[in-house]
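Now for the letters of each chain:
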Amino acid sequence: MQSLNVEQERPKNRHGPGHSHDTSSSSTKMYFVVCLALFTMMGIIKMAMPVDDINDEWAKVGAASGGWGAEHNHPVNDNLGSGSSVNPNSPPKQYSTPAQTYYPLKGYSNSNIDIELRSDDLITAIAPIVALPAQPRSEYKMYQEAANFVPEDLLYDTNTPHGKAFDFILNRDKRKLSGDDKHLFQRFVLTLIFYAMGGTDENDPKAYHTSSSARGGWDSDSVHFLTGLHECHWVKKSLEDHFWGILSIESESDQRVGVTKCNEDMEVTELRLSDLNLVGFLPEEIKWLNTLESLDMQNNHLAGPVPSALGDLDELRYLSLDGNNFSGSIPDVFSALTYLERVYLNFNEFNGVMPSSLCFLREEGVLEDLWSDCGGYPITCTCCTVCCDMVAECDEMASQMGNND
């Protein structure tokens, strides 16, 4: 019976019935103090702990985008309301798409993105100046299928000199020019001339070419082309040049080849590529070397028509294309070249009549020397100073025949 008497076993309040609420209030206060102490300790411990792996990834994203990473501050979204909570281990709203979309962590490096951006930048700048070679012949074989001409496609086609030149500027050129660099056109055109005339880049890992010694052409070491230096330093200084330079100050003793002179703005004024066993053609884009005063291509194996773009080189004073295989008619484009003093077109395969624009410059007393294969067939010229026979002989007197008719 005693074990069933619950009321008798219930503890009594020693303070009496009127003080039962004091015990409850003291317990609540004690519980609150304990919780506050635990919460404070947890906060201190959390602040002392290292940032977890997920925050490390977003710290990298923050650093890449120029902001603070998670190691300094948890991401905060300005669009969140004051009552919203933010999970410190998740990206803010503006990064709600996978990180790989903007700052890829795996599979696609930032260097690939940089190359694509540079490619777009350079294509936009260079494509407007690209031109197909005029009157395609066998030496223009790589262009004959370009009926629907798209400059961008040509620049990406590394089977063409244009594509090889663009590939160098984009991928291998140590100067890393941007699309708005004032020397971009100059550097591209000189590189294009190198490849259009059978050039082989010794530092190119791609097997673009066969041996230049077996088929004609030149390599980048011949004239120090395609180096990391400014293109005004793409020149080969020979020991012979140094020797004769000591004995004479006349320009005739200068045996250098390549870019032999630039003005104070680092713009090419003299290009000498004579006696280098060059094969191929002279590209239309040469017009963009618009500060050129002297162009010497003599004694090579260049072929095809002379580009009409030569008529845009209004600073030109000296033009030597003799001793090549140029063919077709000589373009009548020289009337604006009012500084032109010497022109050598002999020992080629030209035909037709000497352009009236060159004869006009002779009559005006501007053009002092004009040589061509006018010793009979195939050139008819009444204003040339010297006529040659396409082989080896030249006669100054023969050039005067018919001048007084």
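Here is what the cut-offs are and how they apply
- All residue numbers refer to position in the chain's written sequence, counted from 1.
- Thresholds applied to this predicted model are a pLDDT of at least 70 for local features of residues and 80 or more for the giving and counting of side-chain atom pairs; totals over whole chains, interfaces and linings are not thresholded and use all residues.
- Each side-chain value is derived from all of the structure's non-hydrogen atoms; neither hydrogens nor water enter the calculation.
- Only protein chains enter the accessibility calculation, which uses a 1.4 Å probe; a residue is then buried when its area is under 20% of its type maximum, exposed when over 50%, and partly exposed in between.
- The helix and strand labels rest on DSSP assignments: H or I over at least four residues marks a helix, E over at least two residues marks a strand, and numbering proceeds from the N terminus.
- Think of it this way: DSSP has to see at least two bridges between two strands before they count as a pair.
- The contact criterion used is simple: two residues touch if any of their non-hydrogen atoms lie within 4.5 Å.
- Pairing of N or O atoms within 3.5 Å defines a polar contact, subject to two protein rules: one partner must be a possible hydrogen donor and the other a possible acceptor, and residues neighboring in sequence count only if both atoms are side-chain atoms.

A. Examining the pairing of strand 5 (residues 268-272) more closely. Across the 5 residues of strand 5, 5 count as buried, placing the element largely inside the fold. Relative to strand 5, strand 4 (residues 257-262) is paired through 4 bridges, and the arrangement is antiparallel. Bridged to C262 within strand 5 is V268. Counted along the chain from strand 4 to the antiparallel partner strand 5, the turn is 5 residues long, and its residue M266 has a positive phi close to 60 degrees. With 3 bridges connecting them, strand 5 and strand 7 (residues 294-296) associate as parallel partners. If you follow E270 over to strand 7, its bridge partner there is S294.

B. Quick peek at the environment of N263. Topologically, N263 is positioned in the loop between strand 4 and strand 5. We classify N263 as partly exposed; its relative accessible area is 25%. Expressed as a C-alpha distance, the spacing of N263 and T291, which sit 28 residues apart in the sequence, is 8.6 Å. With residues near it in sequence (within four places) discarded, N263 still touches T269 and T291. Within the local environment of N263, its side chain forms a polar contact with the backbone nitrogen of D265, the two atoms lying 2.9 Å apart. Within the structure, the side chain of N263 is placed 2.9 Å from the backbone nitrogen of E267, a separation counted as a polar contact.

C. Inspection of the side chain of H230 at higher detail. Tracing the backbone shows H230 in the loop between strand 2 (218-219) and strand 3 (235-236). In terms of polar contacts, H230 uses its side chain to reach the side chain of H183, at 3.4 Å. Here H230 is in contact with R175, H183, Q186, R187 and M266, once residues within four sequence places are set aside.

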